[in-house]
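Tertiary structure, described
So you can see what is in the structure, the chains are spelled out below.
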Amino acid sequence: MLKEERQQEILKILNSEEKVITSDLSERLSVSKDTIRRDLKELDNKGLIKRVHSGALKKGPPVTDFFARQNISNDEKKKLAQKALRFIENGQVLLIDGGTTNLHLVNQFPLTLNTTVITNSPPISMALSNYKQVEVIMLGGNLYKQSMVNLGINTVDSLKTMRADLYIMGIYNINAQGISVPTLSECLIKRKMADVSTEILGLVTSDKLGTVSSQIVCPTENLTYMVTEDINPDIKNIYQDQDIIVVD
């Protein structure tokens, strides 16, 4: 097998199984561990995977600004939002952070919804302005323009006095071990939001499954619900074994 063919096979396995182990690939592809390590290093240098100790993980989608992401995978995001509506009920206190998929969900809320929404996302706050029975509590802070969310110590301090029934978490990266984001500032806010919520729901587009970033928000098992699509049945079982309700 040529190097290019071998590396394509590695990517295929990684896409299907979420992670690869050097020793396992060595056996499956009948080459030495050193050869696999070189392949993984090359793929990592090309930005196609993320090398970790003893193997590699899928690379998440490129980090782009909020407005660019509004034009990506909209059909999938709308489907996920439709599936998630079953978890939205009158009388809840909802905590919703930023993300274009979360915005799709809010845009599908029934106009008769009677609830309270706490958010650090100006676009989500604006989207709820026509909902007469939705009380919107806007968390202050410094506007992080790339993600269009308010962050910082003021945001954290506000959350200390609040309690939510359901936290709808914007997902950057997720694998069976943890939920992660690229920046520490967003990580700290998401971590606090998870702490003050009874249940957590994650809307996960297929390109984020099995991927990882540098800042760990919380273990994946902290999720109550995961709404996704096109998930490998074996991978789905891994999440369900952590007592996560997976809707696909």
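Criteria and thresholds
- Sequence positions are assigned chain by chain, starting from 1 and proceeding in written order.
- For this predicted model, a pLDDT threshold of at least 70 governs which residues receive local features, and a threshold of 80 or more governs which side-chain atom pairs are given and counted, while totals over whole chains, interfaces and linings are taken from all residues.
- As a rule here, side-chain values cover all heavy atoms of the structure and leave hydrogens and water aside.
- Angles shown run from 0 to 180 degrees and are taken between the N-to-C directions of axes, each axis being a line fitted to C-alpha atoms and, for helices, limited to the stretch in contact.
- Numbering of helices and strands starts at the N terminus; helices are DSSP runs of H or I of at least 4 residues and strands are runs of E of at least 2.
- Angles below 35 degrees are treated as roughly parallel, those above 145 as roughly antiparallel, those between 65 and 115 as roughly perpendicular, and all remaining angles as oblique.
- Helix crossings fall into two classes, left-handed where the near helix is turned counterclockwise from the far one by less than a right angle and right-handed where it is turned clockwise.
- Two residues qualify as a contact provided that any one of their heavy atoms is within 4.5 Å of a heavy atom in the partner residue.
- Lys, Arg, Asp and Glu make up the charged group, whereas Ala, Val, Leu, Ile, Met, Phe, Trp, Tyr, Cys and Pro make up the nonpolar group; the residues left over, Gly among them, are polar.
- A simple rule labels every residue: compare its accessible area, found with a 1.4 Å probe on the protein chains alone, to the largest value its type can have, and call it buried under 20%, exposed over 50%, or partly exposed in between.
- Where each domain starts and ends follows an automatic or database-derived domain assignment.
- Summed over both partners, the accessible area lost on bringing two parts together, with a 1.4 Å probe, is the buried area.
- Polar contact is defined as a pair of N or O atoms within 3.5 Å, subject to the rule that within protein one atom must be able to donate a hydrogen and the other to accept it, and that residues adjacent in sequence are counted only when both atoms are side-chain atoms.
- Put simply, a salt bridge is a Lys or Arg side-chain nitrogen that is within 4 Å of an Asp or Glu carboxyl oxygen.

Where helix H1 (residues 3–17) contacts helix H2 (residues 22–29), the two axes come as close as 12 Å, and the packing angle between them is 125 degrees. Viewed along their axes, H1 and H2 adopt a mutual orientation that is oblique. Of the two possible hands of crossing, H1 and H2 adopt the one that is right-handed. Every residue of H2 that contacts H1 at Arg6, Glu9, Ile10, Ile13 and Glu17 is listed here: Leu25, Arg28 and Leu29. Taken together, the residues of the contact of H1 with H2 sort by class into 4 nonpolar, no polar and 4 charged.

Contact geometry of H1 with helix H3 (residues 33–45) gives a least axis separation of 10 Å together with a crossing angle of 75 degrees. As summarised for this structure, H1 and H3 are arranged roughly perpendicular, according to the angle between their axes. Residues Lys3, Arg6, Gln7, Ile10 and Leu11 of H1 form the contact with H3, whose own contacting residues are Thr35, Ile36, Asp39, Leu40, Glu42 and Leu43.

Once that is clear, we can look at helix H6 (residues 100–107). Most of H6 sits out of view: 7 of its 8 residues are buried. Among the residues of H6, those classed as buried are Thr100, Thr101, Asn102, Leu103, His104, Leu105 and Val106. Tucked inside the fold, the buried residues of H6 contact helix H4 (66–69), helix H5 (74–84), strand E4 (93–96), helix H7 (122–127), strand E9 (164–170) and strand E12 (197–203).

Below, the discussion takes up the domain arrangement of the protein. The domain boundaries assigned to the protein delineate domain 1 (3–58) and domain 2 (66–246). Computed over C-alpha atoms, the centres of domain 1 and domain 2 are 31 Å apart. With 7 residues of domain 1 in contact, the opposing surface of domain 2 contributes 11 residues. For the pair domain 1 and domain 2, the summed buried surface comes to about 710 Å²; carbon and sulfur atoms form 47% of the total.

A positive phi angle is found at Ser30, which is not glycine, with a value near 55 degrees. With respect to the helices, strands and loops of the structure, Ser30 is situated in the loop between H2 and H3. Taking relative accessible area as the criterion, Ser30 reaches 66% and is therefore assigned exposed. In the Ramachandran plot, Ser54 falls in the positive-phi region, its phi being about 75 degrees despite a non-glycine side chain. With respect to the helices and strands, the residue Ser54 is situated in the loop between strand E2 (49–52) and strand E3 (55–58).

To continue, consider the side chain of Ser147. Within the secondary structure, Ser147 is located in the loop between strand E7 (142–144) and strand E8 (149–151). On the basis of relative accessibility, which here comes to 4%, the residue Ser147 falls in the buried class. Of note is the side chain of Ser147, whose polar atom sits 3.2 Å from the side chain of Glu186. Beyond its immediate stretch of four places on either side in the chain, Ser147 contacts Phe66, Arg69, Tyr172 and Glu186.

A complete count under the given rule lists 8 salt bridges for this structure. Between Arg6 and Asp39 there is a salt bridge, and its shortest N-O distance comes to 2.4 Å. Remark: Asp39 occurs in helix H3 and Arg6 occurs in helix H1; sequence separation between them is 33 residues. For the pair shown, Arg6 and Asp39 are each scored as buried. Across the salt bridge formed by Lys236 and Asp248, the nearest N and O atoms sit 3.1 Å from each other. Residue Lys236 is found in helix H10 (residues 233–240), and its partner Asp248 is found in the segment after strand E15 (245–247); the two are separated by 12 residues along the sequence. With relative accessibility at 19%, the residue Lys236 sits in the buried group. Take Asp248: its relative accessible area is 41%, and that puts it in the partly exposed class.

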